[in-house]
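Inside the fold
Chain by chain, the residues run as shown.
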Amino acid sequence: AAIARSAGHDHVWLFDADTVATRLFGDAVYSNLIMLGFAWQKGRVPLNRAALRRAIELNGVQIENNQAAFEWGRACGHDLGAVRRLIGAQPAVAGEAPSIDALIAERTAFLTAYQHAGYAETYRDFVARARAVETPLQSGLAVTEAVARYLFKLMAYKDEYEVARLHTLKAFSDQIATQFEGDYKIVHHLAPPVMSRRNASGELIKRRYGPWVRSAMRVLAAMKGLRGGPFDPFGRTEERRLERALISDYRRCVEELLAGLARSNQNLAAEIARIPEGIRGYGHVKQRHLLEARRLRDALMIRWRASS
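Residues numbered from 1 in each chain as written. Predicted model: local features only at pLDDT ≥ 70, side-chain atom pairs only at ≥ 80, totals over all residues. Heavy atoms only, no water.

Overall, the coordinates contain two cavities of 30 Å³ or more when judged by the stated rule. Reported here for the largest cavity is a volume of approximately 170 Å³. Among the elements that take part in the lining of the largest cavity, helix α12 (residues 238-259) stands out by supplying five residues, more than any other. Taken together, the residues that form the lining of the largest cavity break down as twelve nonpolar, no polar and three charged. (1 Å grid on protein atoms, 1.4 Å probe; cavity = no way out; pocket = protein on both sides within 12 Å on 5 of 7 lines; lining within 4 Å. Points joined across faces, edges and corners; volume = space filled by probe spheres on them. Helix = DSSP H or I, 4+ residues; strand = E, 2+ residues; numbered from the N terminus. Nonpolar A, V, L, I, M, F, W, Y, C, P; charged D, E, K, R; others polar.)

Moving on: the side chain of E243. Within the element layout of this structure, E243 appears in helix α12. Judged by relative accessible area, E243 falls into the buried class, the value being 2%. A distance of 3.0 Å separates a polar atom in the side chain of E243 from a polar atom in the side chain of K286. In contact with E243, other than residues within four places in its own chain, are Y157 and K286. (Buried < 20%, exposed > 50% of the residue type's maximum accessible area, 1.4 Å probe, protein only. Polar contact = N/O pair within 3.5 Å; in protein donor to acceptor, adjacent residues only side chain to side chain. Contact = heavy atoms within 4.5 Å.)

Right, let's talk about the side chain of Q266 for a bit. With respect to the helices, strands and loops of the structure, Q266 is situated in helix α13 (residues 266-273). Take Q266: its relative accessible area is 5%, and that puts it in the buried class. For Q266, the side chain forms a polar contact with the side chain of E134, separated by 2.6 Å. Those residues in contact with Q266 that sit more than four places away from it in its chain are E134, L137, S139, G140, A142, V143 and L261.

Let's shift gears to the pattern of salt bridges. Scanning the model with the defined rule gives 19 salt bridges in all. With its nearest N and O atoms 3.0 Å apart, the salt bridge here joins E71 to R49. Remark: R49 occurs in helix α4 (residues 49-59) and E71 occurs in helix α5 (residues 63-87); sequence separation between them is 22 residues. Put simply, R129 and E255 hold a salt bridge, and the shortest N to O gap is 3.6 Å. With R129 in helix α7 (residues 117-134) and E255 in helix α12, the pair connects residues that are 126 residues apart, well separated along the chain. Since its relative accessible area comes to 32%, E255 is described here as partly exposed. (Salt bridge = Lys/Arg side-chain N within 4 Å of Asp/Glu carboxyl O.)

Structure representation (structure tokens):
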């Protein structure tokens, strides 16, 4: 809805490419090519069709399926209703963004399942502090919303316990069951830091684990209470120490922002509070994004301190 307001409703199209991809190919990974075909059909990609199909061919990965996904995307761009009727999909509905209260409640519930109620309460209390400082400005809650989103992101980091919990949820098994049929087995590609070898660049190498690992995951998921404590077998790795440090660093940064928050610097404060959005991926990928995020934070904090 926010994109449509900014770009103009005549320049934005909405459809559930994941569902189209899953219904047609059994895998949401093809949604990217479907969206490319949709955009091309709408005249928004300045390349000819032959060049795009040739690029897919040269890429050498699932050529026929990717080319077919591109063509199905074109069909969606031409007559989305017809494609929906063919695959039995319901149209997606664009709604307003969730309210701050709904956002906080949803993430509090998630963090309770992730760790425990006390952990979730520290999140909710900190966001409430940000809101109490920002509300008297009477100029929106951009900083509060950023803190609600990105403190949550840092607190809900995906460690071994969380990967195990998510992969053993009934919803995960149910989702797989809707995409595949017949005699199939689930294989996990994992790189546990304490068990995995590293390549020449020092990056962890993933290994295949068969269905047996799901039993181990159930046990591991039940041990989430050890997370971050003295008996956490994974807690001393460099990556886990870093993730805990990121939470503390972010809280300290936000506390400095709240101490000097005013209408004149509210937008800058919100921009700084949103920096964790760029910290993506795992392992060495996350490290690279973290370095970029820290450079941006340091530059913006220089501006912040100069304006305070």
